[in-house]
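Coordinate inspection notes
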Amino acid sequence: MIFRERVTPNVDLNFLGTAIVLAIIGCMLVYSATFFNEPNLGTFKRQMLWVAIGIALAIIILFVDYHVLFDVAPILYGIGIILLIYLLIWGQLTANVKSWIRIGGFQFQPSEFMKVFTALMLARYFDSNDRAYLDMRSFLVVMGIIGLPVVLIAVQPDFGTAASFAPLVAVAMFFGGIRPRVWAAMILIVAISLPIGWSMFLKPYQRERVLIFLNPERDPRGDGYQVIQAKIAIGSGGIHGKGFTRGTQGKFGFIPEHHTDFIFAVLGEEWGFVGVVVVLGLYLYLIVQAMTFAKHARDRGGTFLIICLISFFIFHILINVSMQIGILPTTGIPLPLISYGGSSTMMFFIAIGLIANVDMRRFVNA
Amino acid sequence: MRVYRDDQKFLQFRINAVLWGIVAAFVFLAGSFWFVQGVQAEKYRGLSEANALREIEIPAKRGLIMDRNGKILADNQPAYSLQIDRVVMKPLLKADKQRRQRLEAFLSLVLEIPQQELTARWDKEAAKLPATQPFTIAEDLSMAQVAKIQAQSIAFPEVHVMPVQRRNYAYGTMAAHVLGFIGEVGDKELAQNEALEQGDLIGKRGVELMYDQYLRGKDGAEFWEYDADGRRLSEYVPARQNPIPGDNIYLTLDFELQRRAEQYFIENEMVGAAVVLDPRNGEVLAMVSSPAFNPNVYSKRFTPETWKTITSNPFKIELNRAIQGLYSPGSVFKIVMAMAGLSEGAVGPETDFGCGGSGVFFGRRFRCWKKEGHGSVDVERALKVSCDIYFYQTGARLGVDKIKEYANRLTFGEISHIDLDGERSGLVPSTKWRAEHPVKGDPKWYPAETISVSIGQGPLIVTPLQVANMTAAVANGGKVFQPHVVRYVDRVQRDGSYKRFRVPSRVIHEVELSPSALRAVRQGLWDVVNAQGGTGGNARVPGLDVAGKTGSVQVIAYSGWIKATSLPFKFRDHAWFASFAPANNPQMVVVVFVEHGGAGGADAAPLAKLLFESRFRDKVGGTRLDLSNPETLEQIKEGELPLPTTR
């Protein structure tokens, strides 16, 4: 029985606490961004609810040994794949993308939960595979595990979410191990396929995004507008910021998506450089702790599970924060634990729970 | 091949390597933010202040609509709207929870609207726009109301009196069906046109609708500075985007002809339509549908009462009878029959059918309208006296499908693509049509039915515009132009001058007519008006060669010969008169249709005479319409037509 293990004293409260502090900062930013246009504070209240559910899910997950999860991983993965296929066939278009499933009054994105399931599946595979380098067969298996959901999500077509599976590929290749000559071959293939993909697979609006990223002046009122407005918000915040709810860029609607993808700009405007450094510091602290857990995990599966999950955080944080000031092009990638959104908030809290779960069971005789 | 086993040490090394990479990335990000927030902060602070500007839309001036000589029929007049600014109101509301109720009570007093209605309007209009945009709660304030509200502007800073442009049709109901009206954009139009925004006013009917993209112009914007609490500071002038006014439109309508034609219907309390065309290019010189609605009613906020008045009107005032009214053409269709018969060689200019008052065709007896008969009739005389027997004979020789072929070429049975909305095609029967629309399961067209069609009865239905198109084709020798009501569109250029776009004349059909056939038909039509015993003598203008054709259409079936005026109004015949002048060099086509008018010669022809006299007054010594008479003008401005009563 799980309770006999008496594992709770081993929970790293620093780690969980960091995540919760980030989520509280997120709720405050959501409030600040939306209170002006939404007197009933609906968005803010929903985000509070998502965070509460997320924390509850993380705690529940602590009680289930992650090895049990490895055992059921194929089932979870299979359910996720079935939901994605269901979406393709019967899903309803929302903003030209079939990515939402509605149950009663609630709706969620299976693609978000698929990230956790895929990570579990991958970790389970590496638990039993301890080669220093992946051979061709295991390489194909790994790529298959990641590739199946990516393809199903890409045809929704939700390229932003599909691209957020990229960190798993990086983990598989860097930590799973690839021979130097395979690295060279792959770099060559990417270099060749890049121009082909550009002309054949990217939709015109996606090409336009890349071009605008390279030259924001190309369209100052359109896509480039977001970045310009976000930069104005962040820059005008200065060192100390304008103060809680005192920002004008966010609440007057100059920053589009001010409570989701561009919430970091609201942080920059109202809390200034100090706020930015504090939040980046909290994120770094979270990552360093998780990586430390990974090094001390009881087994190879635990190590890989943590690395896979934290790689999502790293990817989302780096991409999202970079796009705020135009270092990277604008994509629909939320900021972990801070951006408004039910599915993504819950997904990241589940990931936090799983990482703590692995750490909690680091002692063989616990 | 050797298999290398991964070891814990190597794995830890890789984890550490990644960790240092991430630390480096975070340091780089923090450095980038330092650059934006520390080094460049001043620059962005300035931009942010400029950004605290809120955009307030300045609606573009809608283009003018004028008659062909530049007389203004539709313009814009200054009016005042009342707006509530929620950005200003928000902090005030925090200090005083009862503020909205107090404000509503005040406005209810000034506007003389019950407070409940004001509350309902507030909720409805506020929901349409984001909270950063002011919403309109009342329109068309009187100067007294404006003064009362301005006097309280310190107590209620969230209330703005906005000067706006109100569409104004100076002559009320005049040319209402051609001008159309405007209204607030609907969801369907918003979905179809990306340039439109919620709350925009757009054309809904007539020229206002068809030429909306020209008339609308492009809205501009003012930018007002606000502080973080939403208090309005001042306008940021450099960002101002001036609106681009809409294009001015010159109609082909001639004010004087239009006015005279409408007055004729009003004074005689007639229901009907008139179309005046230039047969040389398809320009519509006048288009009347009477009674008409007053488009000014639509430019204002609807009250349920005005809506009820419009929809419940028994005369269907929104219907443009000239292009949407479908009627049997009656005897005016005999012109088509004569042209088809002569062109096809079914009859020659000399062919003579005797008329004895009735005749048997395909086993049934058909009567001529004249019991005593017309005796010897060739095509000229048949048109002049409107002999039915002659055209029964012609129809019997042609057959219904040949008749349809000619009717179609003269735009009957199809729309002529006039630049107005809702044009209807009417119906020209044929054997094919009957096969698709069987009567009680019988898909066969009986030749006896062709006999009715030959005198413009039976299933055949047409619009007054189609009759005008046909008459124009006879007048100009066989060309059917695409009729149009807009002459040119003037677009204002950057330097303030206008660039003129002309609406081109386009021939849509051509009917081959031999010169001898054309001469015979024109002679017959000239006889109708000018010769002794013609049915259209009432259209005779001394000094001008008017050619025309009368028509009377039975509304109910009655057997035998009955004097039409003895019947009650709604059972009386419809009256038609189709004409052109001068006969040898036609410059103007007049078609008049009077619902339940009785006889074409008596009720419809006098208007044609009036219009010819007006147009060719230099030649025939007619008088100009006296517009300086204030009484006349007052009557025009008020615009509400006295509705015809049942006689």
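Tallying secondary structure elements over chain A gives 13 helices and 2 strands in all. Taken across its 366 residues, chain A has 55% of its residues classed as buried. In chain A, once contacts between residues fewer than 6 apart in sequence are set aside, the share between residues at least 24 apart is 75%. Per element, the accessible surface of chain A, about 15300 Å² overall, is 69% carbon and sulfur.

So, on to empty space enclosed by the protein. All names here are of chain B. Considering all chains together, one arrives at 4 cavities of 30 Å³ or more under this definition. Considering only enclosed or pocket space, the largest cavity measures out at about 90 Å³ in volume. In terms of lining, the largest cavity is formed by 14 residues, of which the most central are Thr173, Glu262, Val288, Ser289 and Ala292. Of all elements in the fold, only helix 7 (176-179), helix 11 (255-267) and strand 12 (284-290) reach the threshold of two or more residues within the lining of the largest cavity.

Another point: the nonpolar core. Burial of nonpolar side chains together is a common tendency in soluble globular proteins. Residues Phe264, Ile287 and Phe313 of chain A are the most contacted members of the largest nonpolar core, which totals 120 residues. With 18 residues, the top contributor of residues to this core is helix 11 (residues 263-296) of chain A. Residue contacts for Phe313 of chain A: discarding those within four places in its chain leaves Leu286, Pro336, Leu337, Phe348, Ala351 and Ile352 of chain A. Counting residues in each nonpolar core, the second largest holds 105 residues, with Leu73, Ala74, Cys387 and Phe580 of chain B among its members.

On to the environment of Phe36 of chain A. Summarising the element assignment, Phe36 of chain A is placed in the loop between helix 1 (13-34) and helix 2 (42-62). Each C-alpha atom of the pair Phe36 of chain A and Gly250 of chain A lies 9.4 Å from the other, and the pair is 214 residues apart in sequence.

Residues and elements named next belong to chain B. Of note, Arg502 is situated in strand 19 (residues 498-502). Sequence separation between Arg502 and Val486 is 16 residues; the distance between their C-alpha atoms is 8.6 Å. Here Arg502 is in contact with Arg487 and Tyr488, once residues within four sequence places are set aside.

Now for helix 11 of chain A. Each α-helix turn comprises 3.6 residues. Residues three or four places apart therefore point the same way. A rise of 1.5 Å per residue sets the reference length of helix 11 of chain A, with its 34 residues, at 50 Å; its end C-alpha atoms lie only 34 Å apart and thus fall more than 12% short of the reference. Where helix 11 of chain A bends most, at Trp271 of chain A, the angle is about 125 degrees.

Time to look at the interface of chain B and chain A. Opposite the 45 residues of chain B that make contact, chain A presents 54 residues. With both chains or domains summed, chain B and chain A bury close to 4400 Å², and 70% of this area falls on carbon and sulfur atoms. For the side of chain B that touches chain A, the secondary-structure elements that each account for two or more residues are helix 1 (8-39), helix 2 (41-51), strand 1 (53-58) and helix 3 (86-95) of chain B. Element by element, the count of residues in the side of chain B that touches chain A is highest for helix 1 of chain B, at 21 residues.

All names here are of chain B. In total, this model carries 0 disulfides over all chains according to the counting rule given. Just so you know, Cys355 is unpaired, no disulfide at all, and the nearest cysteine sulfur is the one on Cys387, 3.7 Å from it. By relative accessible area, Cys387 is classed as buried at 0%.

In this section: the packing of helix 11 of chain A against helix 1 of chain B. The geometry of helix 11 of chain A relative to helix 1 of chain B is characterised by a closest axis approach of 10 Å and an angle of 175 degrees between their N-to-C directions. Judged on the interaxial angle alone, helix 1 of chain B and helix 11 of chain A are roughly antiparallel.

On the surface, Leu188, Ile192, Ile196, Met200 and Phe201 of chain A cluster together into a nonpolar patch covering about 570 Å² of accessible area. Along the polypeptide, Leu188 of chain A turns up in helix 8 (residues 180-200).

This part takes up the sheet that holds strand 12 of chain B. All names here are of chain B. Strand order across the open sheet formed by 5 strands is 12-11-23-22-21, with antiparallel pairing between neighbours. Either end of the sheet is taken by a strand with one partner, and the two such strands are strand 12 and strand 21 (547-553). Recorded for the sheet is a direction-independent mean angle of 5 degrees between the axes of neighbouring strands. Examined bridge by bridge, strand 21 and strand 22 (residues 574-581) share 7 bridges and lie antiparallel to one another. If you follow Lys549 over to strand 22, its bridge partner there is Ala578. Where helix 20 (residues 464-476) meets the sheet, its contacts fall on strand 11 (272-277), strand 12, strand 22 and strand 23 (588-594), and the angle it forms with strand 23 comes to roughly 150 degrees.

Conventions adopted
Every residue gets a number counted from 1 within its own chain, in the order that chain's sequence is written. For this description, chains carry letters from A and ligands carry numbers from 1, given in the order in which they are written. Only residues with pLDDT of at least 70 are given local features in this predicted model, and only at 80 or more are side-chain atom pairs given and counted; all residues enter the totals for whole chains, interfaces and linings. Hydrogens and water molecules were not included; the side-chain quantities draw on all heavy atoms of the structure. For the purposes of this entry, the term helix denotes a DSSP run of H or I that reaches at least four residues, the term strand denotes a run of E that reaches at least two, and both are numbered from the N terminus. Buried, partly exposed and exposed residues are distinguished by accessible area as a fraction of the type maximum, computed with a 1.4 Å probe on protein chains only: under 20%, between the cut-offs, and over 50%, respectively. Any two residues having at least one pair of non-hydrogen atoms within 4.5 Å are treated as being in contact. Note on areas: Shrake-Rupley with a 1.4 Å probe; residue coverage comes only from the protein chains shown. Buried and open spaces are told apart on a 1 Å grid over the protein atoms alone, a cavity being a set of points where a 1.4 Å probe fits but cannot get out and a pocket being an open set with protein on both sides within 12 Å along at least five of seven lines. Residues with an atom within 4 Å of a point are the lining residues. Grid points are joined across faces, edges and corners, and a volume is the space filled by probe spheres set on the points. What is meant by a nonpolar core is a set of buried Ala, Val, Leu, Ile, Met, Phe, Trp, Tyr and Cys residues, joined one to another through side-chain atoms within 4.5 Å. Helices are assigned an expected span. That span is 1.5 Å times one less than the residue count. The quantity called bend is, for any residue, the angle between two axes fitted respectively to the seven residues ending at it and the seven beginning at it. Accessible-area loss on putting two parts together, using a 1.4 Å probe and summing over both, is the definition of buried area adopted here. Cysteine sulfur pairs qualify as disulfides if the two atoms are within 2.5 Å. Angles run from 0 to 180 degrees between N-to-C directions of axes, and those axes are lines fitted to C-alpha atoms, restricted for helices to the stretch in contact. We call two directions roughly parallel when the angle between them is under 35 degrees, roughly antiparallel when it is over 145, roughly perpendicular when it lies between 65 and 115, and oblique otherwise. Two joining distances apply to patches: 9 Å for like charges and 5 Å for nonpolar side chains (Val, Leu, Ile, Met, Phe, Trp, Tyr), and every residue must have over 30% relative accessible area and no salt bridge. The working definition used for a salt bridge is a side-chain nitrogen of Lys or Arg within 4 Å of a carboxyl oxygen of Asp or Glu. For two strands to pair, DSSP has to find at least two bridges joining them.

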